[in-house]
Amino acid sequence: MRRRRIFFAWVAALIFALVSPATWAQGQRHLEHFAWTDVRGAPGDVAGIAQTADGLLWLATDRGLVRFDGEHFQLVNLAPPDATEPQNLADVFVMPDQSLMVSYRSYGVVRYWPSTHRVVRQGPASGLPVARAAGFAVVQGTLVVVTTAGVYWQDGEQWRKWALGPALGDGYVDMIFPDVDGTLLLRTEHLQWLRAPRPGAPAVPAAELAEVANLYQLPDGRWVRWMKNGDLVQPGLPAAPGTSGKPGTPGPPQVRHLGLEAPYGFMLDAHGDLWVFFTEHGSLLVPQVFDARRPLQRIRPADITGVSGPVMLSYFLDRQGTVWMGTSTGLDRFGMAPVNPVKLPGRVGGTIGPDARGGVWVTRQGIAPLYIRPDLTQHQTLGDDEVKSHGGTAVYTARSGSVFIGGYERVWQLVGEHSVPLQPMPEAAQGRLVQSLADDPDGRLWMSLMDGGLWTWRQGRWQSVTDGTLAGRCTILAATPQGIAAGFEDGRLVLIDHGHSRRVPLPSGLGRILALHAKGDQLWVGGDQGVLLVRPGSVVPLVLQGASPGRVTGIVESTSGDLWINEANGLIRIAASVLATWRASPQTPVPAERYGPTDGVHGALHPNRTFPSLVEEPSGRLWINRGGIIAWFDPQALPTTRTALRPLILEAAVDDTPVFPPNRIVASTPEQQIRLVFAATDLRDAVTTQFRVMLEGLDSDWTLLGNNRRFAFGGLAPGHYRLKVQAATPRQPWDDAQMAVVEVQVLPALYQTWWFRATVILLVMVTVTLMIRIRIRWLLRRSEQLLELKLRERERIARDLHDSLLQSIVGLVLQIQRHLRGLDATHPVRQKVEAALEQAEGVVEETREQLVNVRGEGVARDLAISLQKSLAGLLAAEGWVLRLSEQGRQRSVHPIVVEELMAIVLEAARNAISHSGGQALVLEVSYGRRDLQVRVEDNGRGMAKSLATGAQAPPLHFGLRGMKERAEVIGARIDWLQGSAGGTCVRVTVPAGLAYVSR
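What you see is a predicted model, and the numbers here were worked out from it, not measured in a lab.

Considerations on the overall build of the protein
- Each helix and strand counted, the protein has 12 helices and 69 strands in total.
- Relative to the globule expectation of 30 Å for 999 residues, the C-alpha radius of gyration of the protein, 54 Å, shows a markedly less compact shape.
- With respect to the principal axes defined by its C-alpha atoms, the protein has extents near 195 × 95 × 55 Å.
- Looking at the protein as a whole, 48% of its 999 residues qualify as buried.
- When the accessible surface of the protein is summed, it comes to about 48,000 Å², and 54% of that surface belongs to carbon and sulfur atoms.
- In the protein, which carries 100 positive and 95 negative side-chain charges, the distance between the mean positions of the two groups comes to 2 Å.

As for unusual backbone geometry
- Following Phe611, the chain continues to Pro612 via a peptide bond in cis, the omega torsion being -5°.
- Mapped onto the fold, Pro612 is located in the loop between β52 (593-595) and β53 (614-616).
- Geometrically, the link from Phe660 to Pro661 is a cis peptide bond, its omega value of -10° lying close to zero.
- Its place among the elements puts Pro661 in the loop between β57 (657-658) and β58 (664-667).

Some words on the environment of Ala967
- Counting through the fold element by element, Ala967 comes out in helix α11 (residues 958-969).
- Separated by 22 residues in the primary sequence, Ala967 and Thr989 have C-alpha atoms spaced 8.6 Å apart.
- Ignoring any residue separated from it by four or fewer positions in sequence, one finds Ala967 in contact with Ile904, Ala972 and Ile974.

Some thoughts on the sheet that holds strand β19 (residues 223-227)
- Within the open sheet, the 4 strands sit side by side as β18-β19-β20-β21. Their pairing is antiparallel. The open sheet has two edge strands, β18 (212-217) and β21 (254-257), and neither has a second partner. Here the strands of the sheet are splayed against their neighbours by 20° on average, with no regard to which way each runs.

Thoughts on the pattern of salt bridges
- What the rule picks out here adds up to 32 salt bridges.
- With a shortest N-O distance of 4.0 Å, Arg410 and Glu409 are connected by a salt bridge.
- We note a salt bridge from Arg444 to Asp440, for which the minimum N-O separation is 3.1 Å. Both residues of the pair, Arg444 and Asp440, belong to the buried class.
- Among the charged side chains, a network of salt bridges with common partners joins Asp179, Asp181, Arg195 and Glu208.

Remarks on the packing of aromatic side chains
- The tally for this structure, following the rule as stated, stands at 22 aromatic pairs.
- Aromatic rings pair up to connect Phe34, Trp36, Phe68, Phe73 and Trp324 into one cluster.
- For Arg357, the ring lying beneath its charged end belongs to Tyr371, and the centroid distance is 5.1 Å.
- Seen from the ring of Phe488, Arg492 lies directly overhead, with NZ or CZ sitting 4.1 Å from the centre.

Brief notes about the nonpolar core
- Counting residues in hydrophobic clusters, the biggest one holds 41 residues, and the most contacted among them are Leu863, Leu901, Leu932 and Val990.
- Contributions of two or more residues to this core are made by α8 (863-878), α9 (895-916), β66 (920-927), β67 (931-938), α11, β68 (973-978), β69 (984-991) and α12 (992-995).
- Here the element with the most residues in this core is α9; it accounts for 11 residues.
- Dropping the residues within four chain positions of it, Leu901 is found in contact with Leu863, Leu867, Leu932, Val934, Ile970, Val988 and Val990.

Quick look at the pairing of β67
- For β67, the tally of buried residues reaches 6 of 8 residues, placing the bulk of the element in the interior.
- Taking the residues that link successive antiparallel strands as the turn, the β66-β67 hairpin has 3 residues.
- Both β67 and β69 contribute to a ladder of 7 bridges, which runs antiparallel. Residue Val934 lies in a different strand from β69, and its bridge partner there is Val988.

A look at the side chain of Ser314
- Here Ser314 lies in strand β25 (residues 312-317).
- Of the polar contacts made by the side chain of Ser314, one reaches the backbone oxygen of Val46; its length is 2.7 Å.

Reading the values: rules and limits
- Residues numbered from 1 in each chain as written.
- Predicted model: local features only at pLDDT ≥ 70, side-chain atom pairs only at ≥ 80, totals over all residues.
- Heavy atoms only, no water.
- Helix = DSSP H or I, 4+ residues; strand = E, 2+ residues; numbered from the N terminus.
- Rg over C-alpha atoms; globule rule 2.2 N^0.38 Å.
- Buried < 20%, exposed > 50% of the residue type's maximum accessible area, 1.4 Å probe, protein only.
- Areas by Shrake-Rupley, 256 points an atom, 1.4 Å probe, with all protein chains shown as cover.
- Lys, Arg positive; Asp, Glu negative; His and termini not counted.
- Charge placed at Lys NZ, Arg CZ, Asp CG, Glu CD.
- Contact = heavy atoms within 4.5 Å.
- Pairing = 2+ DSSP bridges.
- Axes fitted to C-alpha atoms, helices over the stretch in contact; angles between N-to-C directions.
- Salt bridge = Lys/Arg side-chain N within 4 Å of Asp/Glu carboxyl O.
- Phe/Tyr/Trp six-rings, centres within 6.5 Å; stacked < 30°, edge-to-face > 60°.
- Lys NZ or Arg CZ within 6 Å of the ring centre and 35° of its normal.
- Core = buried A, V, L, I, M, F, W, Y, C linked by side-chain atoms within 4.5 Å.
- Polar contact = N/O pair within 3.5 Å; in protein donor to acceptor, adjacent residues only side chain to side chain.

This is the structure in structure tokens:
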């Protein structure tokens, strides 16, 4: 028995030794597929597919021309407004200037420029018959089209029918292929081949293609030939310098016998996979068809993933290497994902662990431990019923190579084909799951029970770990060169070295520790909120460019030096060179490659167990566990370059009016709404593409739109704006995003133009001026009316005084004179009485003159002289000097104004004589157009500075108050100022309309 075991062990070792990395790389590959049908807005009868340089797909469908950005289908109307013909299309072709040639199934072709929405219909008027076009090609700058009525080439604005010559015979051309040498290959319906040197020239038989049924041109210009006997032939590559063979001479061709009938079409993708398309039988996939090391495998994608419709009508290989198929009811996308799920027996879920010999171990409920060999074949151990029903929560390969399985209440060791339980289990294991397993250099196996603490197995029994540093719920264990690392739910990290524990202080915010990976003397730590690197003497957070990692349950620093992180949002890779730079300068955010659903990374991470979720086997292959799906991938097969994601402005409209080109918009009024539709160039990641915008001139930061590809705005102030649009995917953060810019010019509305505003301001000023003038006129008229009323009242008073008082005084004087006649002329009494009577007669005369003035019958024509006369007696009596000054043209002044001004001037003179201490008075009269101004200024001590500057009003005693009231009576303004000679100046200003007597 012992010899038999040794024999089988040597056989197994020999098998593993013979397996090379190239062998496992040829294992299973995962076909990713996505279909769009009418439920998702896809059109039907997709007869043609083309791609413009901006990455957009254009579909010739039963509805017409449809634009597809990877997420949305948009019908483009090419028909004139009065069109009655059906809009179902047969084909679409991209011209060198990125315009599109579109052929209808029943009539003619149309040339369409997407950037300007220009449409040119070409038909009988330009020499092209009403016939269905079956294909386009550009040869030596000339457009050639194959129709059911023959082959035509474009000569300027006209089409010419190509007379191919007798070589065509009675057949017709159904396909055309431009060759790299500038000639054109033409295939007839009878699978005969012709070659023409240029469009319009006679064609000759292509003898070298006599046995060829169909052709496909590789990107390097070589033709892959589908032979009539079912062989597929690929020319050899030219010999490189320094190799055997003459440099530049093609090597031997590669030939694979497929044994299939000639297809409608075929092509090879970037992986070397052959895609074959049949009109009636759909499509076939032959992976890596020219790899002679593997047998031919024919796969019908419809049987694996299904397709959108029963009839395949078109196919296309885009710039990203994705295969597209148009069917009778939709559109399909195919691609080989680098991450390949493995079909496993048992229930969904389970754990993974690398084996020391290569391959991995998988545990899941319902099956015994399963070993996946390096060649991806599976071997299921015998196990027993208990391990099948209770196993599946942890698997661990010890330093010695032994494999341990953890499950519900149990731990087993694999011995040959059997699972041997490590019994007896502690009572703490009852009703609990084994969370994690690891062993230390001393040979002890450590076990973490969910909510049951830490335990060690040695010498046939389990022992509880009583170290207080290790108390609490341990979520993950990992072997290190010195011992064991333990991560806890509360964020603690403890290193165990030969039984001695040491807690490592970590920055706060990491959350639960869910992933540990030792690399030399350094330890990677992953948690709910990111990744840390524990180095001797320091702990460094890993900061990524773009979004930070979410929950991390698997970390591997691979043998190649790359760092791989399995986190909540997908898979992350940091290249070894980048990682080395970061280790030297850990403050710099790290650029990282991110992989998601389009790369085959599907599913979510289990929040509480199945740790680690990412492992590396000795060959370098990585295994990942997400959403209960266990998959493998070759690190070299995942793309390492970031997609140059460029946002595209597809449509622009102002209100409902389309704008072409869409990157330059002019809104005629601020109220207009501007609407934009944009996309990005990555058709594979269209679902995960995020957009953000910023309106330069208004916004100070970006506005995140998510996956929304439409944006509308309006109500902008007139001016120039720049709308910036960026797009990003999980593999391309915002820092690396390119930008599309839309120039927006908002013209002012009528009421916002400068000339409109100037006109309004002018009108307002004119209106205000007119209103002021009207108001002034009204006030003047009102003042004149008041003066007239006052004048009439004064005339009445004067008349009453004249008729009563004055007449009585005159009568009294006459009586006294009559009585005096009886006295002697020399009588002293008579002389005194006569002197008194003379004074009385003077008073009567003076009173009569005053009454005349009161009645307004004596209008003063020289205001200055009147004022001078009124002041002369007063100033002479006090010994003051009066200087009179007049300015302006003398005008007649209203008598009431003269009277009030005389009273004001007299009061001002009295105040000067009484209080100023001066000896001279200046009287100045100015006749202005706008006003009449009278100034009385003395040469005395003057007023206080606060009164003179107007900062404080003078105290209005009785005299001053009377002066102010008299000024108000005639509508005048009175000011007390500092005089030029230091004295006091009283200035009275009367509006011209009130002061002067109009003629």
